[in-house]
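# A structural walkthrough
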Amino acid sequence: CTNYKMAHLAPMCNGVGRYISQLKRLTFHYCKWGGSSKGIREYIDSEVIHLAKENPQVSFYVRHRPYRHPRLVAEFLNGNSRIVSTKNLCVQDIQRHIKLLLSSSGIKPQKLKKMWYTDNPSIQGNWNPFLHK
C-alpha cells in the first residue's frame, strides 16, 4: 500500500484476506448393503449434517452406488478432482480424509527436478561447502 488514502480501506495490502476453501463439491458414494460401506454409512448417518453446517461454502452430495466400494469424490475450484477410496474405513479415518480434502488446494503434486529452486539463478553456479578446497 503505497497510497496512504487506500491504506485505511484495505488494511491487508499483501493480498491475504479471508481464507477461501478450494474445495467446491464433495460427493459421498456408498452402497446400502455392502460390508465395505459400513464406515461411510455410519459417517453419513451421524456427521454429514454437522459437516455441512460447518462448511457452507462446499456442496455436499450423497449418492447411492449399488454393489460398488465406497469413495469420496472431491472437486476443486481449479477444475481438478480427487477420488479417495473409503473401503473398510472407520468413521475416524473418513473424518481424517475429509479434513485433508477440505484443506487441500486441488493442485496435483509435481516432482521437483532439482533440490532447490530460485527465481534468479546464479550465473557463477551454485555454492556448496567444498567449492574452494
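Look above for the structure.
Keep in mind the model is a prediction, meaning the values are calculated, not measured.

Rules behind the numbers
- Residues numbered from 1 in each chain as written.
- Predicted model: local features only at pLDDT ≥ 70, side-chain atom pairs only at ≥ 80, totals over all residues.
- Heavy atoms only, no water.
- Pairing = 2+ DSSP bridges.
- Helix = DSSP H or I, 4+ residues; strand = E, 2+ residues; numbered from the N terminus.
- Axes fitted to C-alpha atoms, helices over the stretch in contact; angles between N-to-C directions.
- Contact = heavy atoms within 4.5 Å.
- Core = buried A, V, L, I, M, F, W, Y, C linked by side-chain atoms within 4.5 Å.
- Buried < 20%, exposed > 50% of the residue type's maximum accessible area, 1.4 Å probe, protein only.
- 1 Å grid on protein atoms, 1.4 Å probe; cavity = no way out; pocket = protein on both sides within 12 Å on 5 of 7 lines; lining within 4 Å.
- Points joined across faces, edges and corners; volume = space filled by probe spheres on them.
- Nonpolar A, V, L, I, M, F, W, Y, C, P; charged D, E, K, R; others polar.

### Structural notes on the sheet that holds strand S2 (residues 59-64)
Ordered by their spatial adjacency, four strands build an open sheet running S2-S1-S3-S4, and the pairing between neighbours is mixed. Edge positions in the sheet fall to S2 and strand S4 (81-85), since each of these pairs with one other strand and no more. Averaged over all neighbouring strand pairs, the angle between strand axes comes to 15°, with direction disregarded. Taken together, the six bridges between strand S1 (residues 23-30) and S2 define a ladder with parallel strand orientation. Bridge assignment links Leu26 to a residue of S2, and that residue is Phe60. Set on the sheet, helix H2 (residues 38-46) makes contact with S1, S2 and strand S3 (71-76); between it and S1 the angle comes to about 125°.

### Some points on the nonpolar core
Among the nonpolar cores identified, the biggest contains 21 residues, and Leu26, Phe28, Tyr43, Leu72 and Ile98 are the most heavily contacted of them. Where this core is concerned, the elements lending two or more residues are S1, H2, helix H3 (48-54), S3 and helix H4 (91-103). Ranked by the residues each element gives to this core, the list is headed by H4, at five residues.

### Some details on the layout of surface pockets
Empty space left among the atoms is revealed by rolling a probe the size of a water molecule over them. There is about 270 Å³ of room inside the largest pocket. Around the largest pocket, the lining comprises 13 residues; the ones closest to its centre are Lys114, Trp116, Tyr117, Thr118 and Pro121. Of the residues that constitute the lining of the largest pocket, the class distribution is five nonpolar, five polar and three charged.

Any link to function would need more than the numbers given here.
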